[in-house]
Amino acid sequence: MLIVRLIITAILFIPAFLLALRYNIHMFQLNGYKNNEQRSWLKKNMRKQWILIFSFVLGMVRIFFPLLALDILIWITLWLVYLVFRAHKRLNTKKKLVYTARVKRLITTLVTVLAIGLAAACIFLDFECIPGVLMVILSTLFWMNMMANLINRPIEKEINRHYINDAKRKLKSVDGIKVIGITGSYGKTSVKFYLQTLLQSKYSVLVTPESYNTPMGVVKTLRGSLKPTHEIFVCEMGARYVGDIKEICDIVHPDMGVITSIGPQHLETFGDMAHIQSTKFELADALPSGGKLFLNGDNDYIQEKAVNYKDKVFYYSEKKGEGYTSELVSVSEYGTEFTVTAPDGEKETFRMRLIGAHNIINVVGAISVANTLGIALKDLIVPVRRIQPVEHRMQMRPHGEVTIIDDAYNSNPVGSKAAVETLKMFDGSRILVTPGMVELGSREEEFNYKFGTYAADCCDHIVLVGKEDHTAPIRKGALDAGFPEAKLKSFPKLEEALEYAYKIKDEGHKYILLENDLPDNY
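Residues numbered from 1 in each chain as written. Predicted model: local features only at pLDDT ≥ 70, side-chain atom pairs only at ≥ 80, totals over all residues. Heavy atoms only, no water.

Enquirer: Looking at this structure, I do not really get the sheet that holds strand β12 (residues 429-434). What am I missing?
Expert: Picture the strands of a sheet paired through backbone hydrogen bonds; they go either parallel or antiparallel. Reading across the sheet, the six strands line up as β10-β11-β15-β12-β13-β14 and stay open at both edges, with mixed pairing between neighbours. For this open sheet the edge positions go to β10 (395-399) and β14 (488-491), each flanked by a neighbour on one side alone. With direction set aside, neighbouring strand axes in the sheet form an average angle of 20 degrees. For strand β13 (residues 461-465) and β14, the ladder comprises four bridges, and the chain directions are parallel. (Pairing = 2+ DSSP bridges. Helix = DSSP H or I, 4+ residues; strand = E, 2+ residues; numbered from the N terminus. Axes fitted to C-alpha atoms, helices over the stretch in contact; angles between N-to-C directions.)

Here you go:
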């Protein structure tokens, strides 16, 4: 009878174990394989692991009391674990788990450690205790990935060093290549792709794809895509901690740098604005003598820090002043027209498909770099016209009587304000769908409240998605600004929110702005 009970437990244990393992590895990958971020995530999301905590308690009791009733309770619990984590798997589809070599090494180490624990239990405990031991093993899955990560750290460090050195060697082998580093709290991905469009009219250009902006993302790009014929490498540099930009600069050694913006982004990990400022200017510190630094002259945080780098600086701005300046001519739902004046006085008018005046500053940044690299303003008129919206960044998607404005990757206070202000200019029913902003530390509630006040002035309907701790301040801000409560709705899931938005019966064309889309670990 005991053997039969153990077989039933094992049959139920395996699928429950695999799904719980997969979920926790997925969250660990989304948290950048960083133990401190995983711990922080666990503190906020421990309720999602309640069934594993219960499994620990049940397992410990079963080790000391091998009763049939407890085995039946274990079978029910294992079935619940399976159902809970299968539901998590179905819900977490925004960025799927990628079974990289690192993930496979992590899983191998984790399973090996647990297998050793099970073997030891079989040796030192009675055979009848095994169901309880299996439940205890299952309960460790929400923290065992961090232990496996610690065990693997020396191996991962050596593997990364090998890849980094290989990337450095490959970059050094391309004679005369110019490296342009781009960083900023927001706008860096857009400027990267805009610059690619402008430069490729004259040069062979390699850019880091998508949002590849970590050291290993840059390394992967260089090792997999760099060719001897490339003349320029445009490297996006992201950061969540002080020193992150320096780490990338030590790999690629940029000749030129662009700082698109500095603002309250990732305050949860940076702590304060001073740390964000110093981290972004790690790019400026890495430039060689004679290296050129292009700065957004409209950003106060950049201006404050730039006084220490006067010899290298080229400004681009929408204000009248030094460097490259722009002036808005017209803006509509069909695109934007503006003029740019270079430091030498050359002036040209540009038209682009991008919607919203806030896009001008990023395009002017790209124009200033391209012009400095020898492309005349008049020769940039056609390339600027070719610039396409970056995916999920104010991207227009017409669907009959409805147009989706996809700004799902925009999760900062400045960009979110600009997005709703752009929505305001459309003639029709203007609907905002948003889950709010995250990673803004102690100021998260403040910024979401302000976002609500901006949205109230620009939207006809506001549809909030997901957790109340992110959306409640938006709701309060909108209502305090006089927005009608009847036109402010909340839904737990994006699908439900969109279904409601599509059913809104207003006159005219419907414009639905998708502002921010929180990753699965939120």
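Now that the structure has been shown, we can carry on.
Enquirer: Can you help me understand the sheet that holds strand β1 (residues 178-183) in this one?
Expert: With respect to topology, nine strands assemble into an open sheet ordered β2-β3-β1-β4-β5-β6-β7-β8-β9, the strand pairing being mixed. The open sheet is flanked by β2 (205-207) and β9 (347-352), the only strands paired with a single partner. Strand-to-strand twist across the sheet, computed as the mean angle between neighbouring axes with direction ignored, equals 20 degrees.

Enquirer: So what exactly am I meant to see when it comes to the layout of surface pockets here?
Expert: The method is simple in principle: a probe with the dimensions of a water molecule rolls over the atoms, and the space it marks as empty is what remains. Computed from the structure, the second largest pocket encloses a volume of approximately 190 Å³. Together, K168, L171, K172, V174, G176, I177, V179, I251, V252, H253 and D255 line the second largest pocket. Among the secondary structure elements, those contributing two or more residues to the lining of the second largest pocket are α7 (141-173) and α10 (244-252). When residues in the lining of the second largest pocket are grouped by element, the largest group, three residues, is from α7. (1 Å grid on protein atoms, 1.4 Å probe; cavity = no way out; pocket = protein on both sides within 12 Å on 5 of 7 lines; lining within 4 Å. Points joined across faces, edges and corners; volume = space filled by probe spheres on them.)

Enquirer: Explain a nonpolar patch on the surface here, please?
Expert: A surface patch of nonpolar side chains, about 880 Å² in accessible area, is lined by M1, V4, I8, W50, F54, L68, I72, L73, I76 and L80. Those elements giving two or more residues to the nonpolar patch turn out to be α1 (2-30), α3 (50-64) and α4 (68-91). Top contributing element to the nonpolar patch by residue count: α4, with five residues. Assignment of secondary structure puts M1 in the segment before α1. With relative accessibility at 66%, the residue M1 sits in the exposed group. (Patch = residues over 30% accessible without salt bridge, like charges linked within 9 Å, V, L, I, M, F, W, Y side chains within 5 Å. Areas by Shrake-Rupley, 256 points an atom, 1.4 Å probe, with all protein chains shown as cover. Salt bridge = Lys/Arg side-chain N within 4 Å of Asp/Glu carboxyl O. Buried < 20%, exposed > 50% of the residue type's maximum accessible area, 1.4 Å probe, protein only.)

Enquirer: Looking at this structure, how should I read the side chain of K192?
Expert: Assignment of secondary structure puts K192 in helix α8 (residues 188-199). Look at K192 and you get buried, because its relative accessible area is 0%. Among the polar contacts made by the side chain of K192, one reaches the main-chain carbonyl oxygen of E210 at a distance of 2.7 Å. Setting aside chain neighbours within four positions, we find K192 in contact with I182, V207, T208, P209, E210, V234 and E236. (Polar contact = N/O pair within 3.5 Å; in protein donor to acceptor, adjacent residues only side chain to side chain. Contact = heavy atoms within 4.5 Å.)

Enquirer: Would you take a moment to explain the environment of L18 for this structure?
Expert: Positionally, L18 belongs in helix α1. Each C-alpha atom, one on L18 and one on F85, is 9.3 Å from the other, the two residues being 67 residues apart in sequence.

Enquirer: Looking at this structure, how should I read the pairing of strand β15 (residues 510-515)?
Expert: Walk down a regular strand and you will see the side chains alternate between the two sheet faces. Of all six residues in β15, six are buried; the element is thus mostly enclosed. Sheet topology places β12 next to β15; five bridges connect them, and they run parallel. Bridging from a neighbouring strand, S429 pairs with K510 of β15.

Enquirer: What should I look at first to understand the pattern of salt bridges in this one?
Expert: Oppositely charged side chains are able to pair whenever their charged atoms sit close together. Following the criterion strictly, the structure yields 19 salt bridges and no others. We note a salt bridge from R62 to D71, for which the minimum N-O separation is 2.5 Å. Overall, the relative accessible area of 0% leaves R62 in the buried class. The salt bridge involving K476 is made with D480; its shortest N-O contact spans 2.9 Å. With K476 and D480 both in helix α19 (residues 468-480), this residue pair falls four residues apart, about one helical turn.

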